[in-house]
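These are the residues of each chain, in order.
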Amino acid sequence: NGDAEKISKFIIEKIPLKKQMIENIILNENEISSKKEFLNSKPRILEVTLTNRCNLRCVMCKNIMTSKWDLPENIKNEIIGLMPYLEQINWLGGEVFLYKYFNELFDIAHEYNIKQTISTNATLLTSEIIEKLIEYNVELSISIDGVTKDVYEKIRIGASFEQLISK
C-alpha cells in the first residue's frame, strides 16, 4: 500500500529509532496475512514480570509464601535487544521499582519511544520517579483495594493510606 509506505518513511525520517519497529510491523502484518505458522518478525508488545519481590504483604497475594526472584540479567539483556522492535511494554511485578535494573530498562524503552505501562502499588513513588513518569508519558496501573483507610490497610498490609493519597 502506497499510503503505508509514505507514512512509514515520514515516521522514520522524524524518528530514526523507529525504523526497525516499523519494518517489523510491516513484516509481521505480511506474515499474518499470509497465514504463516512460523514468524520471522519480532514481538511487538511485551509483558515482563521483573520480580516477585514486593514491599507489602497483601492478603490475597501468594508471593510472600514463595522464594524471592528477580529477572536474570541475561533475560534483561534479551529484552533490551528487542526494544528497537517494540510498540509497547508492560512492566509487572511484585513491585517493579524493587528490580535493580528497572531504571535502565525504563530509560532505554523511553529512548525508543515505546509505550510503557507500569503495574505498581505506588508506595515507592518518589518525586524523581513521578517526574520521569510524566516526562515519559507512562500509563500507570495502581493497585488500590479500598477507598477507606481501614479497608486499604487491612488488605495492603504495610501500606499507608495517607501516604497513598498524598501522592
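Quantities reported herein were computed from a predicted structural model and do not represent experimental measurements. (Residues numbered from 1 in each chain as written. Predicted model: local features only at pLDDT ≥ 70, side-chain atom pairs only at ≥ 80, totals over all residues. Heavy atoms only, no water.)

J.: Could you clarify how one ought to interpret the overall build of the protein in this entry?
T.: A tally of helices and strands in the protein yields seven helices and four strands. Secondary structure elements of the protein, listed N to C terminal, follow the sequence α-α-β-α-β-α-β-α-β-α-α. Projected onto its principal axes, the C-alpha coordinates of the protein cover approximately 60 × 30 × 25 Å. Burial status across the protein gives 34% buried among its 167 residues. Summed over its atoms, the accessible surface of the protein is roughly 10,200 Å², and 54% of this surface lies on carbon and sulfur atoms. Once the 21 positive and 24 negative side-chain charges of the protein are each reduced to a mean point, those two points are 3 Å apart. (Helix = DSSP H or I, 4+ residues; strand = E, 2+ residues; numbered from the N terminus. Buried < 20%, exposed > 50% of the residue type's maximum accessible area, 1.4 Å probe, protein only. Areas by Shrake-Rupley, 256 points an atom, 1.4 Å probe, with all protein chains shown as cover. Lys, Arg positive; Asp, Glu negative; His and termini not counted. Charge placed at Lys NZ, Arg CZ, Asp CG, Glu CD.)

J.: Explain the pairing of strand 1 (residues 45-49) here, please?
T.: A regular strand places its side chains on the two faces of the sheet in alternate fashion. Covered by surrounding structure in strand 1 are Leu46 and Val48 only, the residues Ile45, Glu47 and Thr49 on the alternate face being uncovered. Two elements, strand 1 and strand 2 (residues 88-92), share five bridges in a ladder whose sense is parallel. Paired with glutamate 47 across the strands is asparagine 90, a residue of strand 2. (Pairing = 2+ DSSP bridges.)

J.: Where do I start with the pairing of strand 2 in this structure?
T.: By the bridge criterion, four bridges tie strand 2 to strand 3 (residues 115-120) in an arrangement that is parallel. Bridging from a neighbouring strand, isoleucine 89 pairs with glutamine 116 of strand 3. Read as a crossover between parallel neighbours, the route from strand 2 over helix 4 (residues 102-111) to strand 3 is right-handed. (Right-handed = clockwise from strand over helix to strand, strands pointing away.)

J.: Got a minute to help me understand a nonpolar patch on the surface in this structure?
T.: Residues Ile7, Phe10, Ile11, Ile15 and Leu17 make up a contiguous nonpolar surface patch of roughly 430 Å² in combined accessible area. Structurally, isoleucine 15 is set in the loop between helix 1 (2-14) and helix 2 (19-33). (Patch = residues over 30% accessible without salt bridge, like charges linked within 9 Å, V, L, I, M, F, W, Y side chains within 5 Å. Salt bridge = Lys/Arg side-chain N within 4 Å of Asp/Glu carboxyl O.)

J.: Can you walk me through the sheet that holds strand 2 in this structure?
T.: Hydrogen bonding along the main chain pairs the strands of a sheet, whether they run parallel or antiparallel. With parallel pairing, the four strands of this open sheet are ordered in space as 1-2-3-4. Edge positions in the open sheet fall to strand 1 and strand 4 (139-142), since each of these has one partner strand only. Strand-to-strand twist in this sheet, taken as the mean axis angle between neighbours without regard to direction, amounts to 15°. Bridge count for strand 3 against strand 4 is four bridges, and the pairing is parallel. Paired with isoleucine 118 across the strands is leucine 140, a residue of strand 4. (Axes fitted to C-alpha atoms, helices over the stretch in contact; angles between N-to-C directions.)

J.: Sorry if this is basic, but what is going on with the state of the cysteines here?
T.: Each disulfide consists of one covalent bond between the sulfur atoms belonging to two cysteines. Per the stated rule, a full pass over the model turns up zero disulfides. Of all cysteine sulfurs in the structure, the one in cysteine 58 sits closest to cysteine 61, which takes part in no disulfide; the separation is 6.4 Å. Look at cysteine 61 and you get partly exposed, because its relative accessible area is 28%. (Disulfide = S-S within 2.5 Å.)

J.: Just to check I follow, could you spell out the nonpolar core for this structure?
T.: Nonpolar side chains tend toward joint burial in soluble globular proteins. Residues Leu50, Ile79, Met83, Ile89, Trp91, Phe102 and Ile118 are the most contacted members of the largest nonpolar core, which totals 32 residues. Looking at this core, the elements that each hand over two or more residues are strand 1, strand 2, helix 4, helix 5 (127-135) and helix 7 (161-166). In terms of residue count, helix 4 provides more of this core than any other element does, five residues in total. Setting aside chain neighbours within four positions, we find isoleucine 79 in contact with Leu46, Val48, Leu71, Ile89, Trp91 and Leu105. (Core = buried A, V, L, I, M, F, W, Y, C linked by side-chain atoms within 4.5 Å. Contact = heavy atoms within 4.5 Å.)

J.: Looking at this structure, I do not really get helix 4. What am I missing?
T.: Structural remark: α-helix, 3.6 residues per turn; residues separated by three or four positions point the same way. Taken as a whole, helix 4 has its buried residues at Phe102, Leu105, Phe106, Ile108 and Ala109. Viewed end-on, helix 4 has its buried residues packed into an arc of 170°, placing them on one side of the element. Lining the buried residues of helix 4 we find helix 3 (73-82), strand 2, strand 3 and helix 5. After helix 4 finishes, the residue asparagine 113 shows a positive phi value of roughly 55°. (Arc of directions from axis to C-beta.)

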